[in-house]
Each structure stands twice: as structure tokens, then as C-alpha cells.
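Structural overview for review
Residue-level listing of the chains:
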Amino acid sequence: MGTASQRKGRAGELELAKELQRLGYNVHAGKPRSYGSEPDLTGLPGVHIEVKRVERLNVPEAMAQAARDSERFHDGAPAVFHRRSREPWLVTMRLTDWLKLYDGLRR
């Protein structure tokens, strides 16, 4: 991965962390240039956050990475938080994981 791409990825992590903090969540970005040794963001209980700030996201590949990392870090259901330029943040999860979170809120 090139330096510009790494910078853009890090900027996306910091941007999302700031947005979630603004909304009241105690979320923090991992260390810069951790190269996968820690999650992109931490602090959202039950959810492993994989951040992608790209124009063309390969969703299956991103979800596969999130699933591998969620198993490795044992920090919750894999979720890909992603956005394109000038677009809002989106979240992609497996339906079964989303239903577990949603059912937990309904009780």
C-alpha cells in the first residue's frame, strides 16, 4: 500500500472516530501505521470496526478482512464502516450479526 493510500486510510479512521465521539461514543483510533496489529477503531462494544475510505469498495473483500480481524481481536461482530468522497458514512454487516445486535436492543 502506498504512502498516499495509507494517509487517506488513516484520515478516514480519525474522521470516523471524531464523528462517533461527537455522537457520544467513546471510540478511539488505533496507532498510526499499526499494519493490522490492532483494530482501526476501538470502543464500540460488540462491534469490530473496519474503516474503509475509498471510492470503489470491494465489499466482499472488506467484510472478509473484518471477519478475520474480529476473530483475531475477539472484539465483536465484524462491521465495515465506509464512505466515498462527499458521501455519508455507511455500515455493512452480515445480516445474522446485525439481527443479534438489533434483537439485543429490542429486549
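Per chain, the residues get numbers from 1 upward, laid out in the order the sequence is written. Given that this is a predicted model, residues contribute local features only at a pLDDT of at least 70 and side-chain atom pairs are listed and counted only at 80 or more, while totals for whole chains, interfaces and linings are drawn from all residues. Calculated side-chain values reflect all of the structure's heavy atoms, with hydrogen atoms and water omitted.

1. Focus on helix 1 (residues 3-22)
The way it works is that DSSP assigns letters per residue, a run of H or I at least four long becomes a helix, a run of E at least two long becomes a strand, and they are numbered from the N terminus. For a helix, the expected span equals 1.5 Å multiplied by the number of residues minus one. With 20 residues, helix 1 extends 28 Å from end C-alpha to end C-alpha; this agrees with the ideal 28 Å at 1.5 Å per step. We call two residues in contact whenever any of their non-hydrogen atoms come within 4.5 Å of each other. In this structure, the buried residues of helix 1 make contact with strand 1 (28-29), strand 2 (41-42), strand 3 (47-53) and strand 4 (77-83).

2. With respect to the side chain of Lys52
Take Lys52: it is sitting in strand 3. Side-chain atoms alone can form a polar contact between residues adjacent in sequence; in general such a contact is a pair of N or O atoms within 3.5 Å, and within protein one must be able to donate a hydrogen while the other accepts it. Of note is the side chain of Lys52, whose polar atom sits 2.8 Å from the side chain of Gln65. Those residues in contact with Lys52 that sit more than four places away from it in its chain are Leu57, Ala62, Gln65, Val80, Phe81, His82, Arg83 and Trp89.

3. Quick look at the side chain of Arg83
Among the secondary structure elements, Arg83 is positioned in strand 4. Residue Arg83 is classed as buried on the basis of its relative accessible area, which comes to 13%. A distance of 3.1 Å separates a polar atom in the side chain of Arg83 from the backbone oxygen of Glu87. Apart from the residues lying within four places of it in its own chain, the contact partners of Arg83 are Glu15, Lys52, Arg53, Val54, Pro88 and Trp89. Residue burial is assigned from relative accessible area. The probe radius is 1.4 Å, only protein chains are included, and a residue is buried under 20% of its type maximum, exposed over 50%, and partly exposed in between.

4. Observations concerning the environment of Ala4
One can find Ala4 in helix 1. Sequence separation between Ala4 and Ala79 is 75 residues; the distance between their C-alpha atoms is 24 Å.

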